[in-house]
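# Summary of the model geometry
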Protein chains: 2
Amino acid sequence: MIFFIYTNNVDLVKRFTKVGDNDLKKITIKDIAKLAGVSPSTVSNVINGVSKCSTDTRDNILALIEELNYKPNITAKSLVTKRSKLIGFVFKQDNENSFLQNLLYGIQSGIKNFPEYDIITTNINNSYNLEEWITKRNLDGIIFLGMFSSNLISKIQRLNIPILLIDNYFEQIPNINYVYSEDTLGGYLATEHLIKKKCKHIALATGSLKENELFFRRYLGYKSALEDYGIKLDGNLIFESKHIDFNSGKILGELITQNKNIDGIVSLADILAIGIIKRLNKEYNKIPDDILIIGFDNIPGCEYTTPQLSTIDQGIYEKGYKSINILINKIENNNKDSIEVQIPIKIIERESTKK
Amino acid sequence: MIFFIYTNNVDLVKRFTKVGDNDLKKITIKDIAKLAGVSPSTVSNVINGVSKCSTDTRDNILALIEELNYKPNITAKSLVTKRSKLIGFVFKQDNENSFLQNLLYGIQSGIKNFPEYDIITTNINNSYNLEEWITKRNLDGIIFLGMFSSNLISKIQRLNIPILLIDNYFEQIPNINYVYSEDTLGGYLATEHLIKKKCKHIALATGSLKENELFFRRYLGYKSALEDYGIKLDGNLIFESKHIDFNSGKILGELITQNKNIDGIVSLADILAIGIIKRLNKEYNKIPDDILIIGFDNIPGCEYTTPQLSTIDQGIYEKGYKSINILINKIENNNKDSIEVQIPIKIIERESTKK
DNA sequence: TTGAAAGCGCTAACAG
DNA sequence: CTGTTAGCGCTTTCAA
């Protein structure tokens, strides 16, 4: 039988426990208790800071914990407390989430403020049973990135754990938390930016406005800006795409080239804008001389295009960081109120609108 | 006191357990046992398929499990089996991992072949104690993406769990598994591709050849190809960059423009190539007329540039998918042999080498 | 301020 | 083929 020790003071352990020279033992709360000459419950109390005890025993126990590098077994703890300290993170493949890395990195960094917690990820497909996953792992909370059906979300809600939606806008179901960008403002600023550059016929490239509230909000910003500057909204200048990817962008680009009046494009997703640029460059190399374009998201690809794409930065890292903070606070405080947080956006001017 | 039921047959439970109308109860193995009129261990045996039992009791138990939608509590199981069924996935922010999403998606998809297992992620920074994380969560195995110091890996190894390194080449430490691409072949094919297009002075854009074995192997392919086609390797045509990102690419591009002889570039990372293209386009718009360029990785950004970047596709999704498979098989079979798997690469010809 | 005892939900001998 | 028992490492009453 081999045990493992994760301690620097093997001698101390050997002195008090039956551990041979070649054995290794993993320290438990009992070991600490025995060495400190107290009961396991006292050690547990000290660790968790519940009920006070004499400074002496406290210090003694803490010193031992430190010296033996004791780490409580989270599994055992979970079993009794019914908390896994595990947060689920769910995302789909289908959206061009070039920013997934950043977001996940933000989440991972943010969760380090809560040393007990960890992030566990999955994706879903038709046959995948998310409820089972949550139940099986006894998740304490869950984050969804992007659009998921309200049907799914409602189901998950029955499991009675805090839910946080990133970049999703549903009918406001209680006990669901939202983190998104200042999307409407972003749409406004992007449009205003073009207006101030003297664009008169500003096209809108977007995902589905009926099915995707995210785009709809950005669209509202576009609309308001036009109104504020006395430009009439022209439905013919709105180009919707079901899919949000590079090739769909090229298709929109194709359509846009057919209207020679257009002198500005607000693309509500960078990846569409990148496709549009690709298509426009093919026809005539006139960005930004004849036509300006601005995107939304600030994905890395914005820098790769020629010309480089102006855009609305949506603070992706911060989104992840904030999200995990909010969710864990909900969990810890057992707070059922629904919260909505907007991450500030900012405009990034690059070559595609430099005139 | 409120319980939760995750079952469709509340009545059945109520009949046998003290559960009021408004209570909900979470099904345990004891419930199944009681309802089936057997002992918990028998249920456990059936679930885990150990030791045979009469078809009758078996069917009966299975039917109940199905009907009550019983899911074993993985935490309780972990506590006794000492297996968390949790695989750690560690990556850094610093490399431009535009492919992280794909890779992670591959991992997540692959892990669905092992319904008990899940993937738990973290990143590391200077102060982060990875060993503590692994210990705390009692991880069954761990995957590293990219370069990590052999120092770190050795430390982790002491924890005695299977380790799998993706895109990393260390001195071959035993019990460590490797998944990487056919990097040398890729370097060879990329170079040969340019040679066949009549390039005579082929520059190499790369990360550090001393510090990063990944690039070194790709470089070996470059070198072999030149040899095979009787072209002398010219050290002046090798451009190393410490960092692998877009801006470093632009810097390399700057250097490359200073040697007017160069008529082909093999870039051992797409992201460098994209920067190079950006810089070259500024000077003279002569890709692919005067100078060809091919990258390595096939990240989405390859399509966004003008011209679009030819490259070596390294099967990122498959890498993730295979990796998790290998690792879990190691765990399940308690197999200590070290394994190395190469994911096949293929050349993708786009505009930047179309001549 | 501390400890004894029970138990979270499961598995693993060992008996029967 | 099945049940009894003990116990994983921790927390949580409750009593001392």
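As annotated in an unreviewed UniProt entry, chain A carries the name LacI family transcriptional regulator and is attributed to Hypnocyclicus thermotrophus.

All right, on to the overall build of chain A then. Of regular secondary structure, chain A possesses 13 helices and 12 strands. Counting over 355 residues, chain A shows a buried share of 55%. Within the structure as shown, chain A displays about 15600 Å² of accessible surface, and the carbon and sulfur contribution to it stands at 49%.

Before going further, it helps to examine the sheet that holds strand 8 (residues 264-267) of chain B. Residue and element names in this part refer to chain B. With parallel pairing, 4 strands are arranged side by side in an open sheet as 7-6-8-9. Across the chains shown, the open sheet's two edge strands, defined by having one partner strand only, are strand 7 (238-241) and strand 9 (292-294). Mean inter-strand twist for the sheet, computed between neighbouring axes without regard to direction, equals 15°. Bridge count between strand 6 (residues 202-207) and strand 8: 4 bridges; the pairing is parallel. Each residue of the ladder has a partner; that of leucine 204, found in strand 8, is valine 266. Most of the contacts of helix 11 (residues 246-257) go to strand 7, to which it runs at about 155°, and overall it touches strand 6, strand 7 and strand 8.

DNA strand D sits among 27 residues. The nearest are A:Ile29, A:Tyr70, B:Ser41, B:Thr42 and B:Cys53. Here the atoms of DNA strand D within 4 Å of the protein split so that 74% fall in sugar or phosphate, with bases taking the remainder. Between A:Asn48 and DNA strand D, the recorded distance is 3.1 Å, taken from a side-chain N or O atom to a phosphate oxygen. In the model, a base oxygen of DNA strand D is placed 2.9 Å from a nitrogen or oxygen of the B:Ser41 side chain. For the surface near DNA strand D, the elements supplying multiple residues, two or more each, are helix 2 (29-36), helix 3 (40-48) and helix 5 (74-81) of chain A together with helix 3 (40-48) and helix 5 (74-81) of chain B. Looking at the surface near DNA strand D element by element, the count peaks at 5 residues for helix 5 of chain A. Here the surface near DNA strand D is built from residues that sort into 10 nonpolar, 13 polar and 4 charged.

Moving on, we come to the pattern of salt bridges. Residues and elements named next belong to chain A. Going through the model one piece at a time under the given rule, you end up with 26 salt bridges over all chains. Two residues, glutamate 332 and lysine 85, come together in a salt bridge whose shortest N-O distance is 3.6 Å. Taken as a pair, glutamate 332 in helix 13 (residues 316-333) and lysine 85 in the loop between helix 5 and strand 1 (86-91) lie far apart in primary sequence, 247 residues in all. Of the charged contacts in the structure, one is a salt bridge between arginine 218 and aspartate 183, with a shortest N-O distance of 2.7 Å. With arginine 218 in helix 10 (residues 213-228) and aspartate 183 in helix 9 (residues 183-196), this residue pair connects regions lying 35 residues apart in the sequence.

Attention now moves to the pairing of strand 11 (residues 340-343) of chain B. Residue and element names in this part refer to chain B. Residues of strand 11 alternate between two faces, with Val341 and Ile343 buried on one and Glu340 and Gln342 left unburied on the opposite face. Summarising the sheet, strand 5 (residues 176-181) and strand 11 pair through 4 bridges and their orientation is parallel. Looking at the pairing, tyrosine 178 lines up with glutamate 340 of strand 11.

We now examine the interface of chain A and chain B. With 63 residues of chain A in contact, the opposing surface of chain B contributes 63 residues. The contact between chain A and chain B buries some 5300 Å² in all, and 50% of this surface belongs to carbon and sulfur atoms. Close ionic contact of B:Glu351 with A:Lys278 constitutes a salt bridge, the shortest N to O distance being 3.8 Å. Where chain A meets chain B, there are 12 residue pairs in polar contact (both at pLDDT 80 or more). When residues of the side of chain A that touches chain B are traced back to their parent elements, those giving at least two are helix 5, strand 1, helix 6 (100-111), strand 2 (118-122), helix 7 (130-137) and helix 12 (270-283) of chain A. Counting residues per element, the side of chain A that touches chain B draws most heavily on helix 6 of chain A, at 7 residues. Considering only residue class, the side of chain A that touches chain B consists of 24 nonpolar, 25 polar and 14 charged.

Here the focus is the relation of the copies chain A and chain B. At an RMSD of 0.1 Å, chain A and chain B line up after a rotation of 180° and a shift of 0.0 Å along the axis. What we have between these two chains is a two-fold relation. Closest approach to the rotation axis among the C-alpha atoms of chain A is made by A:Ile120, whose C-alpha sits 2.1 Å away.

Looking now at the sheet that holds strand 7 (residues 238-241) of chain A. All names here are of chain A. In space, the 4 strands of this open sheet follow the order 7-6-8-9, with parallel pairing throughout. Unpaired on one side and paired on the other, strand 7 and strand 9 (292-294) mark the two borders of the sheet. Neighbour-to-neighbour, the strand axes of this sheet turn through a mean angle of 15°, independent of strand direction. With respect to the sheet, helix 11 (residues 246-257) is in contact with strand 6 (202-207), strand 7 and strand 8 (264-267), its orientation differing from that of strand 7 by roughly 155°. Sheet strands touched by helix 12: strand 6, strand 7, strand 8 and strand 9. Its angle to strand 8, the strand with the most contacts, is close to 150°.

Residues in contact with DNA strand C amount to 26 residues; listed here are only the nearest, A:Thr42, A:Cys53, B:Ile29, B:Ser44 and B:Tyr70. By atom count, sugar and phosphate contribute 80% of the portion of DNA strand C lying within 4 Å of the protein. Side-chain polar atom of A:Thr57 to a phosphate oxygen of DNA strand C: 3.1 Å apart, as the coordinates give it. A per-element tally of the surface near DNA strand C places helix 5 of chain B first, with 4 residues. Class assignment of the residues belonging to the surface near DNA strand C gives a composition of 9 nonpolar, 13 polar and 4 charged.

This part covers unusual backbone geometry. Of note, the amide linkage connecting A:Ile287 to A:Pro288 takes the cis form, showing an omega dihedral of 5°. For A:Pro288, the position within the fold is in the loop between helix 12 and strand 9. Cis geometry is adopted by the peptide bond preceding B:Pro307, which originates at B:Thr306 and carries an omega value of -5°. With respect to the helices, strands and loops of the structure, B:Pro307 is situated in the loop between strand 9 and strand 10 (311-313). Positive phi, close to 55°, is recorded for B:Asp167, a residue that is not glycine.

Turning next to the side chain of B:Lys197. Residues and elements named next belong to chain B. Along the chain, the position of lysine 197 falls in the loop between helix 9 (183-196) and strand 6. Here threonine 353 takes part through its backbone oxygen, which lies 3.2 Å from a polar atom of the side chain of lysine 197. In this structure lysine 197 touches Leu292, Glu349, Thr353, Lys354 and Lys355, once residues within four positions along its chain are discounted.

Parameters and conventions
Residues numbered from 1 in each chain as written. Chains lettered and ligands numbered in written order. Predicted model: local features only at pLDDT ≥ 70, side-chain atom pairs only at ≥ 80, totals over all residues. Heavy atoms only, no water. Helix = DSSP H or I, 4+ residues; strand = E, 2+ residues; numbered from the N terminus. Buried < 20%, exposed > 50% of the residue type's maximum accessible area, 1.4 Å probe, protein only. Areas by Shrake-Rupley, 256 points an atom, 1.4 Å probe, with all protein chains shown as cover. Pairing = 2+ DSSP bridges. Axes fitted to C-alpha atoms, helices over the stretch in contact; angles between N-to-C directions. Contact = heavy atoms within 4.5 Å. Near = heavy atom within 4 Å. Polar contact = N/O pair within 3.5 Å; in protein donor to acceptor, adjacent residues only side chain to side chain. Nonpolar A, V, L, I, M, F, W, Y, C, P; charged D, E, K, R; others polar. Salt bridge = Lys/Arg side-chain N within 4 Å of Asp/Glu carboxyl O. Buried area = accessible area lost by both parts, 1.4 Å probe. Least-squares fit on C-alpha atoms with pLDDT ≥ 70 in both.

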